[in-house]
Amino acid sequence: MATQTSSRQNNLAGIMTMCGGVAALCINDALAKGLMDHYSPIQIIFLRNIIALPFAFLVALKMGGSRSLRSNRVHVHFMRGVVWIAATVMFFTSIHHLGLAEATALAFVAPLFITALSAIFIARVGWRRWLAVSVGFVGVLVIVRPGAATFELISLLPIATAFTYAILMLSARFVDTRESMWTLLLYLSLTSAILTSIPVIFVWSPVRAEDIWLFLAIALCGSLGMAMITQAFRFAEAPTVAPFDYTALIWATALGWMFWGETPDVLTFVGAAIITASGLFVIFRESKVAAETT
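Just so you know, these numbers come straight off a predicted model, no measurement behind them.

A.B. asks: Is there a simple way to explain the nonpolar core in this structure?
C.D. replies: The tendency in soluble globular proteins is for nonpolar side chains to be buried side by side. Ile44 and Phe92 are the most contacted members of the largest nonpolar core, which totals 59 residues. In this structure Ile44 touches Ala32, Leu35, Met36, Tyr39, Phe92, Phe215 and Ile218, once residues within four positions along its chain are discounted. Grouped together as the second largest cluster of nonpolar side chains are eight residues, Leu53, Ala56, Ala60 and Trp182 included.

Next comes the structure, spelled out in structure tokens:
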């Protein structure tokens, strides 16, 4: 009985932490959308990581000790930093032109890309997951509506973001297995700050006094969100907490409506529902396959 109670408490803690982390990242995206009116994505990424770096350093030191500050494969972290910057630049650009909910919904095809890429480079994927991937991309077509009068080329950017994010997730396999998630988070902030330090010179705009708190907030929300989501997977198993990543659609819709008066149309909601259902099926199917093979 005590074990069951402890398991329920851990699951609840994992779910609550996951929801909190997702909310923080959605606020991060909303802040970026507002800042894009005056600053380039590169400058936002640079300042966010420079401000967040001390926080990431202290968290890594606290959670993993001094060994979490070292890496045997720094070159892999730099490669992941390049991929992360590319994904972030594309997503920030997309939310500047698209509704927050629409861009977020399209970006949620990332788990489907991960499944497809895994089938090509890592392991065999069964027909059920391939079917879910196919259905998920039908949801993308419902939102994007290629060939329709409402089609915008910029709507392909969140999809490109999802593909790039999938590469980032799979690239974690090349990181030294002895390194903790805290080391990955630290080096992601560090490499992103270093890699954007040169290009930011060419796109720099003086930071307005009224925007300083926004940059502080985006650094806090971005770092806190990533840390909380990471911690959620430590509290509970992935199949328990991963589905709550889709609560981002609720936050993105609410924030887009509150600050920009964005109201997604019916087809966007339909497409988002299809993508969400496909992603959830992939999550549960992969957990079942993993359980059967252990």
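So much for the structure itself; the text now carries on.
A.B. asks: Is there a simple way to think about the confidence of the model for the chain in this case?
C.D. replies: Caution is warranted with low-pLDDT regions, since their predicted coordinates should not be read in detail. Considering every residue of the chain, the mean pLDDT works out to 86; 93% of them sit at 70 or more. Model confidence for the chain, summarised as mean pLDDT per element, is weakest for helix α11 (residues 238-241) at 75 and strongest for helix α9 (residues 199-203) at 96.

A.B. asks: Explain the environment of Phe174 here, please?
C.D. replies: Its location among the elements puts Phe174 in the loop between α7 (157-171) and α8 (181-196). For Phe174, a relative accessible area of 53% puts it in the exposed group. Considered as a pair, Phe174 and His77 are 97 residues apart in the sequence and their alpha carbons are 9.2 Å apart. Discounting chain neighbours no more than four positions away, the residues touching Phe174 are Arg73 and Val76.

A.B. asks: What's the story with the side chain of Ser68 in this structure? I'm lost.
C.D. replies: Structurally, Ser68 can be placed in the loop between α2 (41-64) and α3 (74-97). Within the local environment of Ser68, its side chain forms a polar contact with the backbone oxygen of Ala60, the two atoms lying 2.6 Å apart. What Ser68 contacts, discounting residues up to four positions off in sequence, is Ala60, Leu61, Ser180, Thr183 and Leu186.

A.B. asks: Got a minute to help me understand the pattern of salt bridges in this structure?
C.D. replies: Oppositely charged side chains may form a pair once their charged atoms are brought near each other. Per the counting criterion, the structure on display carries four salt bridges. Measuring nitrogen to oxygen at the nearest pair gives 3.2 Å for the salt bridge that ties Glu262 to Lys33. Of this pair, Glu262 sits in the loop between α12 (248-260) and α13 (266-293) while Lys33 sits in helix α1 (residues 2-35); the two residues are 229 residues apart in sequence, bridging distant segments of the chain. Given the relative accessible area of 19%, Glu262 is considered buried. Accessibility expressed as a relative area gives 6% for Lys33, which makes it buried. The salt bridge involving Arg208 is made with Glu210; its shortest N-O contact spans 3.6 Å. Taking the relative accessible area as the measure of exposure, Arg208 reaches 31% and is therefore partly exposed.

A.B. asks: Where do I start with the packing of α2 against α8 in this structure?
C.D. replies: In helix packing, the relevant descriptors are the interaxial angle and the interaxial distance, both defined with respect to the helix axes. Orientation of α2 relative to α8, taken along the N-to-C sense of each, is 150°, at an axis distance of 8 Å. As summarised for this structure, α2 and α8 are arranged roughly antiparallel, according to the angle between their axes. Crossing of α2 over α8 shows left-handed handedness. Facing α2, whose interface residues are Ile42, Ile45, Phe46, Asn49, Ile50, Leu53, Ala56, Phe57, Val59, Ala60 and Met63, α8 presents Trp182, Leu186, Leu188, Ser189, Leu190, Ser192, Ala193 and Thr196. In terms of residue class, the contact of α2 with α8 is built from 15 nonpolar, four polar and no charged.

A.B. asks: I tried to follow the packing of α3 against α7 on my own but got confused; where do I start?
C.D. replies: Two numbers describe how α3 lies on α7: the axes approach to 8 Å, and their chain directions differ by 160°. Our classification of the angle between α3 and α7 gives roughly antiparallel. The hand of the α3/α7 crossing is left-handed. Here α3 contributes Val76, Met79, Arg80, Val83, Trp84, Ala86, Ala87, Met90, Phe91, Thr93 and Ser94 to the contact with α7, which in turn contributes Leu157, Pro158, Ala160, Thr161, Thr164, Tyr165, Ile167, Leu168, Met169 and Ser171. Here the residues of the contact of α3 with α7 are counted per class, giving 15 nonpolar, five polar and one charged.

Criteria and cut-off values
- Residues numbered from 1 in each chain as written.
- Predicted model: local features only at pLDDT ≥ 70, side-chain atom pairs only at ≥ 80, totals over all residues.
- Heavy atoms only, no water.
- Core = buried A, V, L, I, M, F, W, Y, C linked by side-chain atoms within 4.5 Å.
- Buried < 20%, exposed > 50% of the residue type's maximum accessible area, 1.4 Å probe, protein only.
- Contact = heavy atoms within 4.5 Å.
- pLDDT = per-residue confidence, 0-100.
- Helix = DSSP H or I, 4+ residues; strand = E, 2+ residues; numbered from the N terminus.
- Polar contact = N/O pair within 3.5 Å; in protein donor to acceptor, adjacent residues only side chain to side chain.
- Salt bridge = Lys/Arg side-chain N within 4 Å of Asp/Glu carboxyl O.
- Axes fitted to C-alpha atoms, helices over the stretch in contact; angles between N-to-C directions.
- Parallel < 35°, antiparallel > 145°, perpendicular 65-115°, else oblique.
- Left-handed = near helix turned anticlockwise from the far one by under 90°.
- Nonpolar A, V, L, I, M, F, W, Y, C, P; charged D, E, K, R; others polar.

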